[in-house]
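Residue-level structural notes
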Amino acid sequence: MRTIIESDVLVIGSGGAGCRAAIEASRQNAKVVLVTKGLFGRCGATSMSTTSYNAAFGHTDPEDNPLVHLQDTVVGGSFLNDQELAYILAQEAPQRMMDLEGFGAIFMRKGSKFFQIHNPGSTYSRVCYLDEITGRHILTTLRGEIIRYGVKIFQETLITSLLTENQRVVGATAVDMRRGDFLFFKAKSVVLAMGGAGQIYPTTSNPSDITGDGYALAFRAGAQLIDMEMVQFFPCGLTRPELRKGLLVLEPGEVEEGRLYNRLGERFMEKCDPEKVEKTTRDKLSRAIYTEIAAGRGSPDGGVLMDFSCVPQQELIKRKDEIDRIRDLTGVDLRKEPLEVAPTVHHFMGGVKINEECQSTIRGLFAAGENAGGVHGANRLSGNALAETQVFGARAGKYAARYALERSEIRLEPLRIDEEEKRVFGLLNLKGSVSPSRFKDKVRDILWRYVAIIRNGKDLKRAKSELSSLREELGGLKLSSSSKCYNQEWAEYIEAENMLDVATLVTESALLREESRGAHFREDYPERDDEGWLKHTVAQRCNGKLNLRREPVKLTRIKVG
Ligand SMILES: Cc1cc2nc3c(=O)[nH]c(=O)nc-3n(C[C@H](O)[C@H](O)[C@H](O)COP(=O)(O)OP(=O)(O)OC[C@H]3O[C@@H](n4cnc5c(N)ncnc54)[C@H](O)[C@@H]3O)c2cc1C
């Protein structure tokens, strides 16, 4: 059965960015519909995010202010940031946090001032927080606001494509996964807030719904995406149990005498950074761990061993909560035995290219949060992503609503909807031999082997070729059931296609960038090259093919120096 749902603004994704966009669009008196793949308020990365919201109030360190925040963000991003977007982030993060307080999320205080903590990469103490699950609290309050505004919500609804007419977006198609109904969301503007793509790698801190759909959909609709090669790895994630694989744990350097060993019992960080050893930067730590694993010196579950046997008792007591949490998750008590850890994909800095109004290069199509690129440059500072969801979510909602309210009726050739409906339902009859979940693993395996933390031209070319061969296998997938209700494999097929597209974007962008910058490390080009490469990679689909080019970074506010 096909249903058509009309709105002024369609928001896709119910993380921090999507929720904030829906609220702001409603405030502009637009009719708003919000669609989400998972359960409203419980899916996406925001629901898992821990403590940090960066806002330069200067309450703990009075010297802090938005210009220092901007400087830290640009230096942390190795100057690849869109500096106007970074400026907006730094300027507006405090006000958007006050909005959250207005909605009912009360941040930690010391007296009447916010209690701000220090995070790596920030000059001053800038992190505001609610507690260990700041993201969950933020979502709960946003959810309340959304309900108050009467936004119509579609949960467990998977968006399958964006529809455009004359280079303008006119809505999106979807499947209601509970009933298997085909839906067409007709809208004058669309906000993409579908998060990142952590799930395209085998080990990630991201939840299972974060499969890069927002990037793939935007790409297929013809939007430009920038810096897709910039994938942030967190050095220490769990290697087991399988269900918890990739979850973040504390780093050895955060604890006095916390150490890392390979399978041979070597404390390999002594070689990699003799001075700082485990207290080195996250990118160096990730690269060193990855090297040990790739060289076959990893631990049985494909990690290295984090050992606390030399950690002083006092320190163990200080870290009791985190050590207990790890024990509850894994059964390993760091006070008694080492824990296997491995780098885990955490964040995508690249994404849909947007301007200051969150408008993409397609008319009527807006993007915010991790779905959009440019704010963080080549590396994201801890605490900047939650702030980004609020700052750019609000902007996307506001400008998408204004755009929609100024537009007259939209028209779309019904044939286009028919075609997508036929394609989506046709998938139920696939009779190949490989399951979508196995196919996803193949994509992940290629990325982990060739497009992970240490990259080189030879491996990237191999990845490109293997991903291209994999594309031929798409027709050979099979679904074990043709049921339309809660058919997980059906959704997985659609995600698998998206993952393949995003994997290709990451690989080809990484191949193009012949230098090392931020999260992107090429062993064949180990230096940062500001002369040749102070440039964004820009990916766009033209005549059905991926077109990649370079575009100079505009140093509008801070010069390299
Ligand atoms: C474990 C963890 C801890 C973190 N801690 C912090 C922190 O302390 N501070 C910080 O600044 N950042 C942190 N981050 C990063 C930050 O949480 C994310 O970057 C941010 O929350 C992303 O928000 P978002 O709204 O853009 O996307 P998300 O919150 O990921 O939401 C994406 C939404 O899109 C939906 N969606 C996806 N595909 C489809 C589809 N096809 N159809 C319909 N809906 C779809 C999803 O279901 C979801 O609702 C953390 C991330 C993780 C994973």
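Residues numbered from 1 in each chain as written. Predicted model: local features only at pLDDT ≥ 70, side-chain atom pairs only at ≥ 80, totals over all residues. Heavy atoms only, no water.

Quick word on the layout of surface pockets
Its volume calculated, the second largest pocket comes out at about 430 Å³. In terms of lining residues, the second largest pocket is bounded by 16 residues, among which F219, R471, D501, T504 and G544 are the most central. Elements that contribute at least two residues to the lining of the second largest pocket include exactly α5 (213-220), α13 (457-473), α14 (488-512) and β19 (545-552). Of the residues forming the lining of the second largest pocket, the biggest block, five residues, is contributed by α14. Considered class by class, the residues forming the lining of the second largest pocket number five nonpolar, three polar and eight charged. (1 Å grid on protein atoms, 1.4 Å probe; cavity = no way out; pocket = protein on both sides within 12 Å on 5 of 7 lines; lining within 4 Å. Points joined across faces, edges and corners; volume = space filled by probe spheres on them. Helix = DSSP H or I, 4+ residues; strand = E, 2+ residues; numbered from the N terminus. Nonpolar A, V, L, I, M, F, W, Y, C, P; charged D, E, K, R; others polar.)

Quick word on the pattern of salt bridges
For the structure shown, the criterion picks out 53 salt bridges. Salt-bridge contacts for D530 lead to R517; the nearest nitrogen and oxygen are separated by 2.9 Å. In this pair, D530 sits in helix α15 (residues 530-533) while R517 sits in the loop between α14 and α15, placing the two residues 13 residues apart along the sequence. Here D530 falls in the partly exposed class, since its relative accessible area comes to 28%. One connected set of salt bridges, linked through shared partners, spans D227, E229, R513, E515, R517, R528 and D530. (Salt bridge = Lys/Arg side-chain N within 4 Å of Asp/Glu carboxyl O. Buried < 20%, exposed > 50% of the residue type's maximum accessible area, 1.4 Å probe, protein only.)

Quick notes on the UniProt feature "domain: FAD-dependent oxidoreductase 2 FAD-binding" (unreviewed entry) in the chain
In this numbering, the UniProt entry assigns the feature "domain: FAD-dependent oxidoreductase 2 FAD-binding" (unreviewed entry) to residues 8-386. The annotated region residues 8-386 carries 28% helix and 22% strand content, and the separation between its end C-alpha atoms amounts to 26 Å. (UniProt positions renumbered as here; feature names shortened; annotations may be inferred.)

A word on the UniProt feature "active site" (unreviewed entry) in the chain
With numbering matched to this structure, UniProt assigns "active site" (unreviewed entry) to R282. Since its relative accessible area comes to 30%, R282 is described here as partly exposed. If near-sequence neighbours (up to four positions away) are discounted, R282 is found in contact with P120, F234, P235, E251 and S382. (Contact = heavy atoms within 4.5 Å.)

Thoughts on the sheet that holds strand β16 (residues 351-352)
The pairing of strands in a sheet happens through backbone hydrogen bonds and is either parallel or antiparallel. Spatially, four strands are ordered β16-β11-β18-β19 in an open sheet, and the strand pairing comes out antiparallel. For this open sheet the edge positions go to β16 and β19, each flanked by a neighbour on one side alone. Strand direction decides the pairing type here: strand β11 (residues 225-226) and β16, joined by two bridges, are antiparallel. Bridged to L225 within β16 is V352. On top of the sheet, α14 reaches β11, β18 (535-542) and β19; it is set at about 45° to β19, its chief contact. (Pairing = 2+ DSSP bridges. Axes fitted to C-alpha atoms, helices over the stretch in contact; angles between N-to-C directions.)

Some details on the sheet that holds strand β13 (residues 259-261)
Sheet architecture is open: four strands sit in the order β12-β15-β14-β13, paired in antiparallel fashion. The open sheet has two edge strands, β12 (231-238) and β13, and neither has a second partner. Taking the axes of each pair of neighbouring strands and ignoring which way they run, one obtains an average angle of 45° across the sheet. Summarising the sheet, β12 and strand β15 (residues 339-348) pair through six bridges and their orientation is antiparallel.

A word on the site of the ligand
Near the ligand you find 39 residues, and of these T46, D209, D213, E370 and L386 are the closest. A distance of 3.5 Å separates an oxygen atom of the ligand from a polar atom in the backbone of A193. Here an oxygen atom of the ligand sits 3.5 Å away from a polar atom, N or O, in the main chain of G383. Relative to its unbound accessible surface of 1,000 Å², the ligand loses 98% to contact with the protein. Going through the elements one at a time, α1 (16-27), β8 (157-165), β15 and α10 (384-405) are the ones with two or more residues in the shell around the ligand. Element by element, the count of residues in the shell around the ligand is highest for α10, at four residues. Partitioning the shell around the ligand into residue classes produces twelve nonpolar, 22 polar and five charged. (Near = heavy atom within 4 Å. Polar contact = N/O pair within 3.5 Å; in protein donor to acceptor, adjacent residues only side chain to side chain. Areas by Shrake-Rupley, 256 points an atom, 1.4 Å probe, with all protein chains shown as cover.)

Quick look at the side chain of S205
Examined against the element boundaries, S205 turns out to sit in the loop between β10 (181-192) and α5. Looking at S205, its side chain comes within polar contact range of the side chain of N206, at 3.3 Å. One polar contact links S205 to H346, side chain to side chain, over a distance of 2.7 Å.

What about the packing of helix α12 (residues 436-450) against α14?
Relative orientation of the contacting elements α12 and α14 amounts to 15°, with a least axis distance of 8 Å. Judged on the interaxial angle alone, α14 and α12 are roughly parallel. Handedness of the crossing formed by α12 with α14: left-handed. Together, P436, S437, F439, K440, V443, R444 and L447 of α12 and E489, E492, Y493, E495, A496, M499, L500, A503 and T507 of α14 make up the contact between the two elements. The residue inventory of the contact of α12 with α14, partitioned by class, reads nine nonpolar, two polar and five charged. (Parallel < 35°, antiparallel > 145°, perpendicular 65-115°, else oblique. Left-handed = near helix turned anticlockwise from the far one by under 90°.)

Remarks on the domain arrangement of the chain
By a widespread convention, an interface's size corresponds to the accessible area lost as its parts come together. For the chain, the domain assignment lists domain 1 (238-343) and domain 2 (414-532). Once you take the C-alpha centre of each, domain 1 and domain 2 turn out to be 30 Å apart. Taken together, the contact pairs five residues of domain 1 with six residues of domain 2. Here domain 1 packs against domain 2, burying approximately 630 Å² in sum over the two surfaces, 72% of which is carbon and sulfur. The interface formed by domain 1 and domain 2 holds zero salt bridges in total. The tally of links between domain 1 and domain 2 comes to one residue pair in polar contact (both at pLDDT 80 or more). The residue makeup of the side of domain 1 that touches domain 2, split by class, is two nonpolar, two polar and one charged. (Domains from an automatic or database assignment. Buried area = accessible area lost by both parts, 1.4 Å probe.)

Remarks on unusual backbone geometry
Between R240 and P241 the backbone carries a cis peptide bond, its omega angle lying at 0°. Counting through the fold element by element, P241 comes out in the loop between β12 and β13. In this structure, E156 takes a positive phi of about 45° despite not being glycine. Within the fold, E156 resides in the loop between β7 (152-154) and β8. Even without glycine at this site, N543 takes up a positive phi of about 50°.

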